[in-house]
Structures are given as C-alpha cells and as structure tokens.
Amino acid sequence: MAESHKPIHDEVLLDRLKEILLWDDRKELDEIKQILDTRAHLSERVSPIIEEHLSALKETFSEDYKEIINKLIEVKLKNSQEEIVNSLYPSLGRMIKKYIGHQFELLKENIDNSVKKTFSPAGFKRRVKSFFTGVKESELILSNANNYTIQEVFLIERDSGLLMGSASLHTTFDQDVVAGMLTAIKAFVEDAFKKEKQELEFIEYGNYKIVIQTFFSYYMAAAIDGTMITQEKFDVEESMHDFASAELTGAKSSEVSNSELISKKLYEYFIKK
Amino acid sequence: MTSKKIILTGSFGVGKTSLFNQFIFNKFSDKYLTTIGVKVNKKSVFVDGEEVNLLVWDIAGEVSQDKVPTSYFLGASGIIYVFDLTRPLTYKNLEKDIDYLKQILPGGLIKIVGNKKDLLEEDAIAKVVNDVTMPISILTSAKSGENVEDLFNDLAKSLIK
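Analysis parameters
Residues numbered from 1 in each chain as written. Chains lettered and ligands numbered in written order. Predicted model: local features only at pLDDT ≥ 70, side-chain atom pairs only at ≥ 80, totals over all residues. Heavy atoms only, no water. Pairing = 2+ DSSP bridges. Helix = DSSP H or I, 4+ residues; strand = E, 2+ residues; numbered from the N terminus. Axes fitted to C-alpha atoms, helices over the stretch in contact; angles between N-to-C directions. Contact = heavy atoms within 4.5 Å. Buried < 20%, exposed > 50% of the residue type's maximum accessible area, 1.4 Å probe, protein only. pLDDT = per-residue confidence, 0-100. Right-handed = clockwise from strand over helix to strand, strands pointing away. Buried area = accessible area lost by both parts, 1.4 Å probe. Salt bridge = Lys/Arg side-chain N within 4 Å of Asp/Glu carboxyl O. Parallel < 35°, antiparallel > 145°, perpendicular 65-115°, else oblique. Nonpolar A, V, L, I, M, F, W, Y, C, P; charged D, E, K, R; others polar.

Asker: Give me the sheet that holds strand 2 (residues 163-168) of chain A: which residues, what numbers.
Answerer: Residue and element names in this part refer to chain A. Here five strands make up an open sheet; going across it, the order is 2-1-5-4-3 and the pairing antiparallel. Because the sheet does not close on itself, it has two edges, and the strands there are strand 2 and strand 3 (202-205). Each adjacent strand pair in this sheet contributes to an overall mean axis angle of 15 degrees, direction not counted. Direction of pairing for strand 1 (residues 148-157) relative to strand 2: antiparallel, over a ladder of five bridges. Looking at strand 2, one finds that Ile156 is bridged to Leu163. Docked against the sheet, helix 7 (residues 230-248) engages strand 1, strand 3, strand 4 (208-214) and strand 5 (218-226), running at close to 145 degrees with respect to strand 5. Across the sheet, helix 9 (residues 259-272) lies against strand 1, strand 2 and strand 5, angled at about 40 degrees from strand 2, the strand it touches most.

Listed below in structure tokens is the structure:
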C-alpha cells in the first residue's frame, strides 16, 4: 500500500516545485493573456502603433499609391462615361440656368440704374408709362429690346387637324402637314397625360416657340421666333382670343370654311401689324 | 379645294408606311423602320376635275386597334385598314378590329387592304382571300406600287360622292 502512495506524493511535490520556480513566468503570462483578452487593454497597447503607422501612411500615401489610384480612376471614368454625363447633366443645367438668371437680374439692375440717370423725354415718357401701368421700367426697356416676330399663324380644326386658314411671314413647310402634325402632337400629349380639361398651350425649342390657344371646335397656333417675356406670351394669347371673337364667333359657316378669307384675315391681324 | 383626313392603320410591319411613302413620294425602301407615334403628310388627287387634298395619318402599328389613341381618329373621313397577306396573325382579329373602328368612327369609310401581294403566288393569294372573313377592298403591293394609287383615288372618289 505504502508503495502505491509514493508516486502521488512525488507528483504533488513536483507541482509545488513547478509553482515555486515558474511563479514569475506564470504571473507574466496571465498579465499578457489579460491584455490580449481585454479590448480596452489591447487597444491601449496597439493603438499608438497603428496611429504611428497611419500618420506615416498619410504622409506617403499619395506618393506610394499614386499610380495605382490614377489607373483605377482612369478605368472607372472610361467605363462610366455615360453614367457621369447623365449624373452631371441635370446639375450643370441647373447651374447654367441659375447663372443666366443671375446675369439677367444683374442686367435688369443695371438698366434700372441707368434709367434713374436718364432724363431724356423718352425716359420721362417711359417713367410715366411705368407709373401708370405698374410695369417696371426695366421690363419696359427689355420688352422694347426683345426681338420676337410671329412667323406663322394657323387656324386648325380641333378634331381632324385640317387647316382652316394660315398666314406666314416666310413659308417654310407645307402648312397642311404642319397643322396635321401639330394636332397629332397635341392629341398625343393630351391623351398620354389625361389631365381633364387641360390643353397643350406651349411648345418651345431653342428660340422658337409655338403658342397654342384651343377653342371649342378649332384651335390657333402661332409660331414665334425670338425671345419673349411672359407678358408678351400673354399678349399673343389675348390677340388670338380677340381674333376669334371678332372674326370667328358668330361668323357664317361659309365664311369660316372659306380658307382664303380666313388666311387673309389672319395675315392682317397677326403678320402685317 | 376639299381636304380629307385619312387614317392608315393595322398591325405592325404590314406595310402602312411603305404604302404611305409609295403614295406620297413614289418611293419604296426594303429597310424596316418602325413608326413612332404618327406621321402626317398630304397628297392632292383629282376626282372628276375637282382637287381633293388627302391628309394621310400613318399611325404606328398595334396588334389590336383598341391600343391606338382614339383622338387620332377624330375628324377622319376614312380609314385604310392594312393587313399583311403573308402573315395570318395580321388578319386574325380583322372582324374585331373593324367593329371597333366602326364604333369610334361611325359613318366613316373603311377600306380593308391586303398588302405585300408581290410576295405570294396567285393561288396563295386566293387562299388568303378565302380565309379572310370580311370583304377585302383591294390587294396592293407597296413595293411595286401596284394598286396603291387606285386605293387612294377610289377612297377620295367615295369620300366626295
């Protein structure tokens, strides 16, 4: 029995010996383990090293990676040219519009300033007109400076798109075809957006505009070249209403269907003046 | 001078624009270009010495006529419904389409036209004519121009009678 207890006793002694001899090492190992296992402690030790590397990288990054980044950007730009244009286009458009608006305001301000300094009879007359109509002098000057001309006027049957009469400053294209295509465009827009009791009233491309006024069984379209302010667009619309009530409302059907007569009246009313 | 609005309609690829180009410009092209929306052009024809202005609206082809915006048909005096003699699918719904067109243009003149007759032999054409459930007004070839002038002249004649 005594022999069987002997190895156990030796093991205990050996363990104690190990404990005594390795006490310092174990303590150190435990401390390291605690540092590695605890985020805060680890961060305390590692952070300065990372910080140091990062600040070194910040200083040398552009130099070290310049070529790779340039190449990447070049490839990306090449592959997404359309995407870039698409995303820039609206912003550029807005910027240009804003710029033009701003320049226009400046122009108006300049005109106002020069008007204040002008005491010519014309200036005085304009001031009087501005005072009585409530329209700013700058707008009156701009309106005189605006150069727009009614190039063509069409009177068109609303449903069929057949031309009832037309007048032009310079004939450019077959007016029957223009009337048909205008009606088709009008029908398409009104059909596509299905806004009740709403009509296509204005088409614009570049400096060219088409002002449209729809009546019960016909509509009128005026093709205008040049720049025009809102008030002038309104004036053209008013002229169309005046023409309709003076020449078409209550007219005999033989007069309305007389294309030559209508065309002559349109010429005198819109083009000649 | 009298002006009349004519609508060219039918399924896609049946040759409406080719008929239009052949009638207006005396031109034919083998290239197929689909019509976007509508194309309007005019040609004057003489009926018993009277000049008639035909304003032809070439409408983009649709498989079914109820897909065409109804506003295009407003104020039209006549409709030319075109089908392709070589493609049964283009005259399969003929009866239904014609009924629909009669509803949206009551009293309007409707001509049913079988186009591309140059692509079929006489017996094949006879078979198609037999298969079609409604009377065909005329058979045309936009490519050779066969019967194209006749189609529009007959239509103009019927319209001013």
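Asker: How would you summarise the pairing of strand 5 of chain A if you had to cite specific residues and measurements?
Answerer: Residues and elements named next belong to chain A. In terms of burial, strand 5 is a largely internal element, eight of the nine residues being buried. Across nine bridges, strand 1 lies against strand 5 in antiparallel orientation. Across the sheet, residue Tyr148 finds its bridge partner in strand 5, namely Gly226. Relative to strand 5, strand 4 is paired through seven bridges, and the arrangement is antiparallel. The residue of strand 5 that forms the bridge with Tyr208 is Asp225. Where strand 4 folds back on strand 5, the antiparallel hairpin that results is connected by three residues.

Asker: Outline helix 1 (residues 16-25) of chain B, supporting the account with residue identities and numerical values.
Answerer: Residues and elements named next belong to chain B. The element helix 1 is extensively covered by neighbouring structure, given that seven of its ten residues are classed as buried. When we look at burial in helix 1, the residues that qualify are Lys16, Thr17, Leu19, Phe20, Gln22, Phe23 and Ile24. Tucked inside the fold, the buried residues of helix 1 contact strand 1 (2-10), strand 2 (38-47), strand 3 (50-59), strand 4 (78-84), strand 5 (109-115) and helix 4 (148-160).

Asker: Explain the confidence of the model for chain B to me, using residue names and the numbers behind them.
Answerer: The predicted model of chain B has a mean per-residue pLDDT of 92, with 100% of residues at 70 or higher. Across chain B, element-level confidence peaks in strand 4 of chain B with a mean pLDDT of 97 and bottoms out in strand 2 of chain B with 91.

Asker: Any chance you could break down the pairing of strand 5 of chain B for me, citing the residues and the numbers?
Answerer: Residues and elements named next belong to chain B. For strand 5, a buried count of six out of seven residues is recorded, marking the element as mostly surrounded by other parts of the structure. As a crossover connection, the stretch from strand 4 through helix 2 (residues 94-104) into strand 5 is right-handed. Two elements, strand 5 and strand 6 (residues 138-139), share two bridges in a ladder whose sense is parallel. For Gly114, the partnering residue across the bridge sits in strand 6 and is Leu139. On the question of chirality, the crossover connecting strand 5 to the parallel strand 6 by way of helix 3 (residues 122-131) is right-handed.

Asker: Describe the interface of chain A and chain B, and please don't skip the residues or the numbers.
Answerer: On the side of chain B, 17 residues touch chain A, which itself brings 13 residues to the contact. Both sides of the chain A and chain B interface together cover about 1200 Å² of buried area, and 65% of this is carbon and sulfur. By the criterion of area lost to chain B, the three top residues of chain A are Asp159, Leu162 and Asp176 of chain A, representing 35% of everything that side buries. The interface formed by chain A and chain B includes two salt bridges. Residue Asp174 of chain A pairs with Lys42 of chain B through a salt bridge whose shortest N-O separation is 3.2 Å.

Asker: For the packing of helix 1 of chain B against helix 4 of chain B, give the residues involved together with the corresponding values.
Answerer: Residue and element names in this part refer to chain B. Running from amino to carboxyl end, helix 1 crosses helix 4 at an angle of 80 degrees, the nearest separation of the two axes being 9 Å. When the interaxial angle is binned, helix 1 and helix 4 end up roughly perpendicular. Contacts between helix 1 and helix 4 involve Leu19, Gln22 and Phe23 from the former and Val148, Glu149 and Phe152 from the latter. When grouped by side-chain class, the residues that make up the contact of helix 1 with helix 4 number four nonpolar, one polar and one charged.

Asker: Requested: an account of the pattern of salt bridges, with residues and values cited.
Answerer: All names here are of chain B. Inspection of every chain in the model, using the stated rule, returns 14 salt bridges over all chains. When the shortest N-O distance is used, the salt bridge between Glu146 and Lys117 registers 2.7 Å. Within this pair, whereas Glu146 is found in the loop between strand 6 and helix 4, its partner Lys117 is found in the loop between strand 5 and helix 3, the two being separated by 29 residues in sequence. Note on Glu146: relative accessible area 37%, which makes it partly exposed. Overall, the relative accessible area of 15% leaves Lys117 in the buried class. A salt bridge links Lys127 to Asp131; its shortest N-O distance comes to 3.3 Å. Within this pair, Lys127 and its partner Asp131 are both found in helix 3, separated by four residues, close to a single helical turn. Given the relative accessible area of 42%, Asp131 is considered partly exposed.

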